[in-house]
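# Fold and contact review
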Amino acid sequence: MKSGAKQKLSDIARAIIDLEIEKSKLNREKSMLVLNKSLLLYFTFLFTAVVGFVGDYIDKSLFNILILMGLCVLIIGIIPYIKTMRHEESNIDELIKTLKEGKE
């Protein structure tokens, strides 16, 4: 009977691990969404600045402001992505370490 209880515990632990992995995937997806939107905004600012400057719709100072704003949006989008990836990597490393210790 004890082996059945251990197997049941193993199934519960496996389910918990699967849920943690799914949560990690969701966090990565959210950070990828933010990164994609920031890239879209960056290229929009860049395109608007170049087209406006070449077509003489904007002057040099507004061109520089648009480029700088695009870079700021890109940086703001990259920072959460990097933080999330580092956090999820450390969580997965801890999970692997825990599983290896339990196996031995």
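Residues numbered from 1 in each chain as written. Predicted model: local features only at pLDDT ≥ 70, side-chain atom pairs only at ≥ 80, totals over all residues. Heavy atoms only, no water.

### A look at the environment of Leu 68
How we decide: Here a strand is any run of E in DSSP of at least two residues, a helix any run of H or I of at least four, and the numbering for each starts at the N terminus. Burial here depends on accessible area, computed with a 1.4 Å probe over protein chains only, as a share of the maximum for the residue type. Under 20% is buried, over 50% is exposed, and the range in between is partly exposed.
Along the chain, the position of Leu 68 falls in helix H2 (residues 60–103). Leu 68 gets classed as exposed once you look at its relative accessible area, which sits at 54%.

### Concerning the nonpolar core
Generally speaking, soluble globular proteins have nonpolar side chains that are buried together. Quick note on the threshold: The nonpolar core is taken to be a set of buried Ala, Val, Leu, Ile, Met, Phe, Trp, Tyr and Cys residues, with the residues joined through side-chain atoms within 4.5 Å. Throughout, a residue-residue contact means that at least one pair of heavy atoms, one from each residue, lies within 4.5 Å.
Phe 45, Ala 49, Ile 58, Phe 63 and Leu 66 together form the largest nonpolar core, which totals five residues. Those elements giving two or more residues to this core turn out to be helix H1 (2–54) and H2. Apart from the residues within four sequence positions on either side, Phe 45 is in contact with Leu 66, Met 69, Gly 70 and Val 73.

### Comments concerning a nonpolar patch on the surface
What counts here: For patch detection, residues must exceed 30% relative accessible area and be free of salt bridges, and they are connected within 9 Å for like charges or within 5 Å for nonpolar side chains (Val, Leu, Ile, Met, Phe, Trp, Tyr). Here, Shrake-Rupley sampling with a 1.4 Å probe gives the accessible areas, and only protein chains in the shown set may cover a residue. Any Lys or Arg side-chain nitrogen located within 4 Å of an Asp or Glu carboxyl oxygen qualifies as a salt bridge.
On the surface, Leu 62, Ile 65 and Met 69 cluster together into a nonpolar patch covering about 250 Å² of accessible area. Among the secondary structure elements, Met 69 is positioned in helix H2.

### A word on the environment of Gly 70
With respect to the helices and strands, the residue Gly 70 is situated in helix H2. Residues in contact with Gly 70, not counting those within four places in the same chain, are Tyr 42 and Phe 45.

### Focus: unusual backbone geometry
One non-glycine residue, Asp 56, lies in positive phi territory at about 60°. Along the chain, Asp 56 falls in the loop between H1 and H2.

### Thoughts on the environment of Tyr 81
With respect to the element layout, Tyr 81 can be found in helix H2. Tyr 81 gets classed as partly exposed once you look at its relative accessible area, which sits at 24%. Distance in space between the C-alpha atoms of Tyr 81 and Glu 29 is 9.7 Å, their sequence separation being 52 residues. The contact partners of Tyr 81, leaving out residues within four places of it in the chain, are Ser 31, Met 32 and Leu 35.

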